[in-house]
Every structure is written in C-alpha cells, then in structure tokens.
Amino acid sequence: MAEEKSKTAKLKEEIMMPESKGTKALSKKEIKKADEFCEGYKKFLNHSPIEREAVRYSVKLAKKAGFTEFEPDKKYEPGDKVYYINRDKAIALAVIGKNGTKNGVKLAIAHIDSPRIDLKPNPLYEANNLALFKTHYYGGLKKYQWTAIPLSLHGTVVKLDGARVDVSWGDAEDESCFCVTDLLPHLAREQAAKPMSKAFTGEDMNVLVGSRPYDTKDDEKDLVKLNVMAILNKKYGIRESDFLSAELCLIPSFKCKDIGFDASMIGGYGHDDKVCAYPALMASIDVEVPEQTCVTYLTDKEETGSDGNTGMQSDFLRYFIYDLAKSDGEEGYRVLSKSTCLSADVNAAFDPTYASAYEINNSSFINNGVVISKYTGHGGKYDTSDASAEYMGKIRSMLEKNSILWQVGELGKVDIGGGGTIAKYVANMNVDVVDLGVPVLSMHAPFEIVSKTDVYMAYRAFYTFFDSKN
Ligand code: MN
Ligand code: MN
C-alpha cells in the first residue's frame, strides 16, 4: 500500500524545485538511443580535430543528407537544404521553412576550433642534435597538460606558386608522431616550487620532431634540421620558407574512448565545442520542413576571441541571413530582429575533486542533461549577453514540454575566473539568444570528458527548437 504523502510533502512537490533525477529520469530506450547517437558523434570527433577538418566532415554528412551548395540568387522552396562555406573554416547550413524568413530564422551556433598548439611562422630549429618546432599555443590551456603526450601535426601549407597542401601526420597507429618534452622529477625541484603559470611557459612548448642527421659526408651544420626538411620536402613538396604561409598545429594523437566501467562517458580531444557542433549539425540534417528557416552555423576562432573573418564577429553569418531574406523578398535586418538563437557551447561540469571552484547550487552536473547558461562572462557580469527572462521562459518551457533533461549552470564561483561564448555577438545583431550546451569535465585539457546522455539531450534540444512552430 502506498504511503499517504504528508501535507508538507505535497506542498514541496507543488512549489519547490525538484531535484534532478539525472539518468534515472530516462528510459532504457532513451539511454540506448543516446549511446547510438554518440557512435556518430565519436566518428565526427575523430575526423574533426581542427576547424578545416570539421568543415570537410560536416559537408560530407550534409551532402549525403541532400544539402546542396548555397547559391545567393537562387529561389529556394520549403524543405530545401543548403550549406555555405566560409574560407574552409566555418560553415552555415540552412533548412528552408514553410514561412521562410518572414518571422525570423532559428539559429543554432557552435564553434569548431579547439585549444591546441600552433606552429610559429618560422618554427624549425636545431639544438644539440635535436630538431624542434617553436610554437605559439592557441586558446586557453594549462601548458603542462600538453607535455609528454603524443601529438599529431595537422593543417595546411600554401606554397609560393599558390598550391595548397593539406598536412596530417601522426594519427595512424603505425605512423610516427611528435612530443613536447618535460623535465624529469629528479631535477625538477626548482620547477616544482614555481607557480603553475611559471613552471612551464609558452617558450618552453617546443616540439620534438627529429634526431637523425641528413645522410652526407659533407661537413655542414644543422644536418638534423636539414633531414627533417628533406623528409617534408619529399612527402609534401614544401621548403622551409613555405612555413611562412601555413596554418599548422599540434593536436593530441589519440582517438576518443568511452570512459567508465559502464562506458557512460566519452573522453576525447576537442569536445569543446564539437560536442555541441555535432548535435546542432545533426538537428539541421534531421529536421524535415520546419515552420521557420533554420540555420546551424559552425564557426572558427572562438577560443581566441572570435575575431577575424572566420570568427563569430565576422559579418559572414549576417550576410548569409541577408541573402536568405532577400530571396524571400524580406529585409535582412528585420529578419535578424525577429530571429532567435541557441548558442551551443559547453559549460564546466561540477568536479567533486575541485569542488571549491564551483558554487554547487548553480553548477551543471554530468548526466543532468543539457545545460542552459543565462549568462557567461566574468565577475560583475562583464563580457556577456544576459538572456532575458522572457527568452529563458520560452526555452525552458520548450524543454519541459518535450521532456528534455536540462539544468542551469554558471561557470564556477563568481569571483574565481570566468569565460565567454559567442552568444553576445549574436545578441549584438539584435537576436534573442541563450547559451545551451553540454557539461564537460577537464575542459580545455587534451582529453576532455562528456556524458553520452547529455550529448543526446543537446541534440534533442536543437532538433526540438528547429522543429517547433514558434
Ligand atoms: Mn567553447
Ligand atoms: Mn573553450
């Protein structure tokens, strides 16, 4: 016999916020769907460590789903699906709605760049018979985490004659890779006494790339460096001066892997922010004929402030929306003013080992679903757009009505640090926007961790947003 609830228990149920049930709130079937969805995500993650590769893989998936390259002057019909590439580093995908752009568009935006180690323009040097690359790290990272792990070289070189060569070295099991060395603990007494920011500096992030001299009897200097360049010349046809017109970077060599005895999580490089990019991409692939035109935009340069023509501060997305508006006979700025957006970026999941950095009542947790951040930024709400109560209300009710597991999250304690997203750049275009994404453990580490059900809830959120009538 069921026990009679007390009056207070009933009142609590009625007016107090319920505790999140996490995975317990999900059916077996739903957990299975999440696991299946994540198999596709893991492939995406492994194929997309850098923005150019993420664009290439996204186009492949989009084309397979019937997307065609956008032609600005063409007339599109409801249900048509198009993609538009910005300099091979960012991509917009649109699904034309029954009402087109008349009532604004629905935007899901995520970034496909991740923290990494870029080569300096003049990287190659020889020291004590070792060949090394000088680097300049990209984005916010804890430098020591990038030492003593296998690294692969990815990117693009443009030669003097204009020919472009794509470089990928180090991922395959039987292929050599690269490494930033670290000082042995036996000799690290001085290093260990330094604060973390000084123990390992940007100029210490030198990558070991060779140690054998070029095979010659001639008495020349720097033969190890010459040997490295001769190998690169043979494989890619490049000379040392071609580094000047290159975008090359080092990323972890390892593939993503399931985490835990229960395989409930995924560890991998670049979850921030492919873990939101992929669900947003799949939402545009899976949505059929939406009411309003839906746009997924995967952008570059978020990790360095969104500047530049491939970053979110570029006018590329604005122009794309203006083009979509024009083909409907609408004014671009009016379309933007009626548009709504989910800014799809990760948030810091509460980590019990570092509990003191978080404020537990306003943190997001692994397995509690997709996380909404009303604002990001830092102490005193600087550098952020703050979503309105009205828009929060709208998104909250959409998630509740569709039984999508969700939570709110602030990035740690108020005065402890902070970080931003691209939401504010969209908000500046007079669009209603809020951050919605996946909680991540070890964010910005070479090996970040997410929960499979959270990834799936992000997909369900973007899909429902695109598919819903208002
Ligand atoms: Mn991010
Ligand atoms: Mn980030």
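Please read all numbers here as calculations on a predicted model, not as lab measurements.

What to know about the coordination of the manganese ion (ligand 2)
Each protein donor to the manganese ion (ligand 2) is listed here as D272 (OD), E303 (OE), E303 (OE) and H444 (NE2); together their distances run 2.0 to 2.6 Å. If you list the donors of the manganese ion (ligand 2) from N- to C-terminus, the spacing comes out as D-x30-E-x140-H. Metal-to-metal, the separation of the manganese ion (ligand 2) and the manganese ion (ligand 1) is 3.3 Å; D272 coordinates the two. Here the residue D272 occupies a position in helix α7 (residues 271-286), and H444 occupies one in the loop between β22 (439-440) and β23 (448-451), the gap between them amounting to 172 residues.

Some words on the nonpolar core
Core analysis: the biggest nonpolar cluster contains 63 residues, and I395, L399, L436 and F462 have the highest contact counts within it. Membership of the second largest hydrophobic core comes to 33 residues, among which are L119, I149, V157 and Y269.

Describing the coordination of the manganese ion (ligand 1)
Coordination sphere of the manganese ion (ligand 1), protein contribution only: H111 (NE2), D272 (OD), D345 (OD) and D345 (OD), at 2.1 to 2.6 Å. Mapping the donors of the manganese ion (ligand 1) onto the primary sequence yields the spacing H-x160-D-x72-D. D272 sits in the buried class, given a relative accessible area of 3%.

Observations concerning the side chain of Q407
When you line up the elements, Q407 lands in strand β19 (residues 406-408). Those residues in contact with Q407 that lie beyond four places of it in its chain are S363, S364, F365, N368, G369, V370, V371, I372 and P439.

Describing the environment of G409
With respect to the helices and strands, G409 occurs in the loop between β19 and β20 (418-419). Separated by 36 residues in the primary sequence, G409 and A445 place their C-alpha atoms 20 Å from one another. Not counting chain neighbours up to four residues away, the residues in contact with G409 comprise N347, N362, S363, S364, V371, I372 and S373.

Quick look at the packing of helix α3 (residues 51-64) against α7
Relative to each other, α3 and α7 sit at 20°, their axes nearing to 10 Å. Taken together, α3 and α7 sit at an angle that is classed as roughly parallel. Relative to α7, the crossing made by α3 is right-handed. Here S58, L61 and A62 of α3 lie close against α7, whose contacting residues are Y278, L281, M282 and I285. Taken together, the residues of the contact of α3 with α7 break down into 6 nonpolar, 1 polar and no charged.

Observations regarding the pairing of strand β4 (residues 106-111)
The buried count for β4 comes to 6 of 6 residues, which makes it a mostly enclosed element. With burial as the criterion, each face of β4 is covered, one bearing K106, A108 and A110 and the other bearing L107, I109 and H111. Taken together, the 6 bridges between β4 and strand β14 (residues 294-299) define a ladder with parallel strand orientation. Each bridged residue has a counterpart across the sheet, and for L107 the counterpart in β14 is V295. The pairing of β4 with strand β15 (residues 340-343) spans 4 bridges and is classified as parallel. Directly across from A108, in β15, lies its bridge partner L342.

Quick notes on the rules
- Residues numbered from 1 in each chain as written.
- Chains lettered and ligands numbered in written order.
- Predicted model: local features only at pLDDT ≥ 70, side-chain atom pairs only at ≥ 80, totals over all residues.
- Heavy atoms only, no water.
- Donors = N, O, S within 2.8 Å, 3.2 Å for Na, K, Ca; no water.
- Helix = DSSP H or I, 4+ residues; strand = E, 2+ residues; numbered from the N terminus.
- Core = buried A, V, L, I, M, F, W, Y, C linked by side-chain atoms within 4.5 Å.
- Buried < 20%, exposed > 50% of the residue type's maximum accessible area, 1.4 Å probe, protein only.
- Contact = heavy atoms within 4.5 Å.
- Axes fitted to C-alpha atoms, helices over the stretch in contact; angles between N-to-C directions.
- Parallel < 35°, antiparallel > 145°, perpendicular 65-115°, else oblique.
- Left-handed = near helix turned anticlockwise from the far one by under 90°.
- Nonpolar A, V, L, I, M, F, W, Y, C, P; charged D, E, K, R; others polar.
- Pairing = 2+ DSSP bridges.

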